[in-house]
Amino acid sequence: MHKRSILLAVGLIGLSASCKTTGSKKSATPVITPTTTTATVLKPATTATASDGSTSTTTTAADGTITVVKRAIDGTVTTVSTRKDGVVTTSIAKNDGTTTTTTRSTDGTSTVVVTAINGATTTTVTKADGTVSKSSTVVTKNANGTTTTVTTNPNGTTSTVITNADGTHVNTAGTYQANQVAYPVATVQTDGSYSYDTSAYAPYSAPVAYGYTAPAAPLYAPPTYGAPTYTPAPGPVFVDCGAYSDRKLVASVYKIPSQSRSIPNFSTLYKERDVCLNQLDVTNRNFKEGFPGVSNLLEWFGLDIRWSVNIPADGTYKFFLNSDDGSILWIDNNLVVNNDGIHSHQERSGSVSLTAGYHSFHVSYIQGPKYQIALELAWQKPYTNYSEYIPTSLFARPQGY
Ligand SMILES: [Ca+2]
């Protein structure tokens, strides 16, 4: 990957004899490549619980990829994806924030990426003939608010990216063993545009022919860190909206016909009342406390929940919806995750491209027979490798409420 940016730099310099060369989004090298895979699920997931308390969920995607997610009781999540062409990727995420991802290709190459909690990675590539090459990145947060990412390549060369607090970054001049040419310093804006200071440039021998495809991702992806720890808000899950103005999720409560198999059209049902929630953080549990002002409603009920979310930046967001029983997520009236039906707790996910600013979120939920319930919504932000509950600081009451 890094070689491409070297070649690009050479190519740009070759185009201009002036002191400044400017351009727009066509440079390369996200230091950390997102590894999420989004595929259409072909058949329903199956979940099994082992005697040690761990659960395994198996899904088959439309492209034939079989993914098994095993959650151990110590929080370790092991994900094994087997592609139809035989490539197997195993990712072990421990609850201490470290991740080890191993990819075995069909040609016998094995790639192991270990990500530490501070975002530092080491990558070891072992080929079928036993050749081993190692590379690593080290991420350092500096006292002045900048972040330094140093990548050590398999041939021992290094490159350094300094990211400023405002998101702009400097791809520093690097000296490369291959031809000992120092490349210019590039200042890269958050929109991907950049300018080179060619005064740092040393002469080179000949233009380099290269083929280059611009990546979909920005030039630089910020380092990723483990999800922050989460503390649920104190007090009951469902509260009176008027008494708790800090709880932004408005849920309309309905009784639904017993033996319902899926989320009904709530507009055809009598609304018991509105209640408010702080967060969709209802983990798998028995539900016996009911709702304020609605006595003894523990089963066969529905919630139609609406609120607004202030999306912090443009990008692709992945949403994870866990529920017992059924749930559906719409954003701006577009279906994003369908987890409908009468079932024990299960997670479904979906990705959507969102622009910065407020968007309307809508989750419909049903509880079948008592007492088990769950309703959790998490997201994975662009260029991160963890999921978390959406921060409540981004929530607002729904429009018109
Ligand atoms: Ca249930």
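Residue positions are counted from 1 within each chain, in the order its sequence is given. It should be noted that, the model being predicted, local features are given only for residues of pLDDT at least 70 and side-chain atom pairs only at 80 or more, the latter also being counted only at that level, while totals for whole chains, interfaces and linings use all residues.

### Quick notes on the overall build of the protein
Okay, so step 1: A count of helical and extended segments in the protein gives one helix and 27 strands.
Okay, so step 2: Scored against the burial criterion, the 401 residues of the protein give a buried share of 26%. Only DSSP runs of H or I covering at least 4 residues are called helices, and only runs of E covering at least 2 are called strands; the numbering of each starts at the N terminus. Remark: C-beta atoms are placed from the backbone, and a residue is labelled buried if 20 or more other C-beta atoms sit within 10 Å of its own, exposed if 12 or fewer do, or partly exposed between those counts.

### Some remarks on the nonpolar core
Okay, so step 1: Structurally, a nonpolar core is described as a collection of buried Ala, Val, Leu, Ile, Met, Phe, Trp, Tyr and Cys residues joined by way of C-beta atoms within 7 Å. Judged by nonpolar contacts, the single largest core of 41 residues is most densely connected at Ala251, Phe319, Leu329, Val363 and Leu377.
Okay, so step 2: The set of elements that each furnish at least two residues to this core consists of β16 (249-255), β17 (271-277), β19 (301-311), β20 (315-324), β21 (327-331), β22 (334-339), β24 (357-367) and β25 (372-380).
Okay, so step 3: Per element, the largest residue contribution to this core is six residues, and it comes from β25.
Okay, so step 4: Here contacts are defined at the residue level, using C-beta atoms placed from the backbone and a cut-off of 7 Å between them. Not counting chain neighbours up to four residues away, the residues in contact with Ala251 comprise Asp274, Val275, Cys276, Leu277, Leu303, Asp304 and Ile305.

### Things to note about unusual backbone geometry
Backbone phi values are negative for most residues with the exception of glycine, while trans is the configuration of most peptide bonds.
Okay, so step 1: For the peptide bond that leads from Asp324 to Asp325, omega is 15 degrees, which places it in the cis range.
Okay, so step 2: Structurally, Asp325 can be placed in the loop between β20 and β21.
Okay, so step 3: One non-glycine residue with positive phi stands out, namely Gln259, at about 70 degrees.
Okay, so step 4: Residue position: Gln259 is located in the loop between β16 and β17.

### Structural notes on the environment of Trp330
Okay, so step 1: Examined against the element boundaries, Trp330 turns out to sit in strand β21.
Okay, so step 2: Under the C-beta neighbour-count criterion, Trp330 is labelled partly exposed, with 16 such atoms within 10 Å.
Okay, so step 3: Note: C-alpha distance between Trp330 and Arg306 (24 residues apart in sequence) is 9.6 Å.
Okay, so step 4: If sequence neighbours within four positions are ignored, Trp330 has contacts with Leu335, Val336 and His362.

### A look at the pairing of β20
Both faces of the sheet carry side chains from a regular strand, because those side chains alternate between them.
Okay, so step 1: The buried count for β20 comes to seven of 10 residues, which makes it a mostly enclosed element.
Okay, so step 2: Any two strands are treated as partners once DSSP identifies two or more bridges connecting them. As defined by bridge partners, β20 adjoins strand β23 (residues 346-354) across nine bridges and the pair is classed as antiparallel. Bridge pairing in β23 places Phe320 opposite Ser349.
Okay, so step 3: Of the pairings in the sheet, the one linking β20 to β25 comprises seven bridges and is antiparallel in character. Its bridge partner lying in β25, Leu321 is registered against Leu377.

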